[in-house]
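Chain residues, written in single-letter form:
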Amino acid sequence: MTTTTTPLLPIYLDYAATAPVDARVAEVMQRYLTVDQLFANPASRSHMLGWQAEQVVEQARRQVADTIGADPREIVWTSGATEANNLALIGYMRANRERGMHLVTSTIEHKAVVDTALALESEGFEITWLTPGQDGTVTTEQLRAAMRDDTALVSLMAVNNELGSINDIAALAAIAHEFGAVFHTDAAQAVGRIPLNVVAQEIDLMSLSGHKSYGPKGVGALYVKRHPDIRLEALIHGGGHERGMRSGTLPTHQIAGMGEAFALIHKEYAEDQAHIANLQQRFLAGLADLDGVVANTPLDRAVPNILNLAFEGIDGESLLMALRDVAVSTGSACNSASVDPSYVLLGVGVPRGLALSSLRFSFGRFTTQNDIDHALTLIRHAVSGLRTLPR
Ligand SMILES: *Cc1c(COP(=O)(O)O)cnc(C)c1O
């Protein structure tokens, strides 16, 4: 017999990159795969198994819709928030050229918006890039100043994935509407972290992801308001699924998983919030006496599960190395020659050096107080170790 040593898992503080699937979600997903289960194509009209699979998809559609105050008919399944962002931006701009060729967005959007806007620019659309303030948010005054007669769409994220900063999407949507434009928000990091209601907040298009909210990776949705003005051109053509907006056989297990995950987020919102607020306080308190720790996250207007911190005088990559047993993220991009600091941190005015000394810690439903305490010990040890090195 071979003996195996159980490897110590790193403490996972990278929930903003992805969250584990909730065991209750995984259990639901396993019902729609094998031969003795409901594996049929939800688009099959010719037999009962197809109708039953369709019912599973429709229930999940309702669960996702209920979480954001939408009608189930307004949910279009996609492969994730990346595809939802592509469909919202490209699909809307291409279908509404006669309304205007101008799009307003910000410099610190997720790459799935930034790179999509750049692709639109190369197609002849015009983009205005708003620079958020140090607190990572765009103001209504900034947006108002950028609006033009030919602005067709405004796309501003609800919660920033690196900073945790919260935009006032209701106020920003109101400005877009005042100028006759449509408002899209990337809410991948917002679900379960801030109250979302597409009716009250007057959102026209909203991108959602399964895996940031304890659902599976590879599934997401775009909320598309039912209104004659909100028309989208499909990016993926085929069988005409999802009312022609997104063709492709629906993955029943993925969709049922996302539905269950969102239903749990909806039901357990208060418990999740209380748990995370508690962890955040514990984490901040544990670092309070450490010199030279600067919060890039605007603590008074951010979700409590994301903490982006700069450690003055310490290189982020070295800190990452010293923190092998804690899974966190830097947001910087490695090239062969050098390390580029996070464009989001640079975008909110964090100096280059400090941006390179920054790490993003993010917590979730399954993070324990023990995880936090253990991580604090490792961080304090790593920081003091790196600071005593001759520089
Ligand atoms: C993770 C994330 C995405 C991408 O979502 P996928 O479902 O992984 O495609 C988009 N926007 C934000 C803000 C995110 O955090």
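Up top is the structure.
None of these values were measured; they are calculated from a predicted model. Going along each chain's sequence as written, the residues are numbered from 1 onward. Given that the model is predicted, a residue must reach a pLDDT of at least 70 before its local features are reported, and side-chain atom pairs must reach 80 or more before they are shown or counted; all residues, however, enter totals for whole chains, interfaces and linings. Only hydrogens and water are removed before side-chain values are computed, so all heavy atoms of the structure are retained for them.

### Regarding the site of the ligand
As a matter of local geometry, the ligand sits amid Gly80, Ala81, Thr82, His110, Met157, Asn161, Asp186, Ala188, Gln189, Ser209, His211 and Lys212. One nitrogen or oxygen atom from the main chain of alanine 81 is found 2.9 Å from an oxygen atom belonging to the ligand. Residues adjacent in sequence count toward polar contacts only when both atoms are side-chain atoms; beyond that, a polar contact is any pair of N or O atoms within 3.5 Å, and within protein one must be able to donate a hydrogen and the other to accept it. Here serine 209 contributes a side-chain N or O atom positioned 2.7 Å from an oxygen atom of the ligand. Out of a free accessible area of 380 Å², the ligand has 88% covered by protein chains. Only protein atoms enter the 1 Å grid used here, on which a cavity is any set of points holding a 1.4 Å probe that cannot leave and a pocket is any open set flanked by protein within 12 Å on both sides along at least five of seven lines; residues with an atom within 4 Å of a point are listed as lining. To be counted as sitting in a cavity or pocket, a molecule needs more than half of its atoms within 2 Å of that site's grid points. A majority-of-atoms criterion places the ligand in the largest pocket. Under this grouping Gly is polar, as are all residues other than the nonpolar Ala, Val, Leu, Ile, Met, Phe, Trp, Tyr, Cys and Pro and the charged Asp, Glu, Lys and Arg. In terms of residue class, the shell around the ligand is made up of three nonpolar, seven polar and two charged. When at least one non-hydrogen atom of a residue lies within 4 Å of a molecule or strand, that residue is treated as near it. Note that accessible areas follow from Shrake-Rupley with a 1.4 Å probe, and for residues the cover is restricted to the protein chains shown.

### Points about the pairing of strand β2 (residues 75-78)
Working definition: with a 1.4 Å probe on protein chains only, accessible area under 20% of the residue-type maximum means buried, over 50% means exposed, and in between means partly exposed. Secondary structure elements follow DSSP: runs of H or I no shorter than four residues count as helices, runs of E no shorter than two count as strands, and numbering proceeds from the N terminus. The side-chain alternation of β2 yields two buried faces, one formed by Ile75 and Trp77 and the other by Val76 and Thr78. At least two bridges found by DSSP between two strands is the condition for calling them paired. Pairing between β2 and strand β8 (residues 220-224): four bridges, direction antiparallel. Bridge pairing in β8 links tryptophan 77 to alanine 221.

### Focus: the sheet that holds strand β7 (residues 205-209)
What the seven strands build is an open sheet, ordered β2-β8-β7-β6-β5-β3-β4; its pairing is mixed. Looking along the sheet, the strands with just one partner apiece sit at the ends: β2 and β4 (126-130). Each strand axis lies, on average, 20° off the axis of its neighbour in the sheet, ignoring direction. Where β7 lies against β8, five bridges are found, and the strand directions are antiparallel. Within β8, the residue paired with serine 207 across the bridge is leucine 222. Axis definition: a line fitted to C-alpha atoms, over the contacting stretch in the case of helices. Angles run 0 to 180 degrees between N-to-C directions.

### Here's the deal with the sheet that holds strand β10 (residues 306-311)
In spatial order, the strands read β9-β10-β14; together these three strands make up an open sheet with antiparallel pairing. Edge positions in the sheet fall to β9 (293-295) and β14 (358-362), since each has one partner strand and no second. Across the sheet, the axes of successive neighbouring strands diverge by a mean angle of 30°, strand direction being ignored. Pairing geometry for β10 and β14, over five bridges, is antiparallel. Bridge assignment links leucine 309 to a residue of β14, and that residue is leucine 359. Residue contacts follow a heavy-atom distance rule, with two residues in contact if any of their heavy atoms lie within 4.5 Å. Sheet strands in contact with helix α8 (residues 269-287) are β10 and β14, and its direction is about 10° off that of β10.

### Remarks on the packing of aromatic side chains
In this scheme Phe, Tyr and Trp rings, the latter by its six-membered ring, pair at centre separations within 6.5 Å, and the angle between planes marks the pair as stacked below 30 degrees, edge-to-face above 60, and tilted otherwise. Throughout the structure, instances matching the rule amount to six aromatic pairs. Centroid distance tyrosine 214 to phenylalanine 366: 5.6 Å. Interplanar angle 80°. Geometry classified as edge-to-face. Here tyrosine 214 is found in the loop between β7 and β8, whereas its partner phenylalanine 366 is found in the loop between β14 and α12 (369-388), with 152 residues between them in sequence. Each ring, one from phenylalanine 283 and one from phenylalanine 363, has its centre 5.4 Å from the other, and the planes form 70°; the classification is edge-to-face. With a gap of 80 residues between them, phenylalanine 283 in helix α8 and phenylalanine 363 in the loop between β14 and α12 connect regions that are remote in the sequence. Phenylalanine 283 sits in the buried class, given a relative accessible area of 0%. Using a relative accessible area of 0% as the deciding quantity, one classes phenylalanine 363 as buried. Ring pairs connect the aromatic residues Tyr12, Tyr15, Tyr214 and Phe366, which therefore count as one cluster. Over the aromatic face of tyrosine 343 sits the side chain of lysine 111, whose NZ or CZ is 4.4 Å from the ring centroid. Sitting over a ring, as applied to charges here, requires NZ of Lys or CZ of Arg to be within 6 Å of the ring centre and within 35 degrees of the ring normal.

The analysis is restricted to geometry; functional conclusions fall outside its scope.
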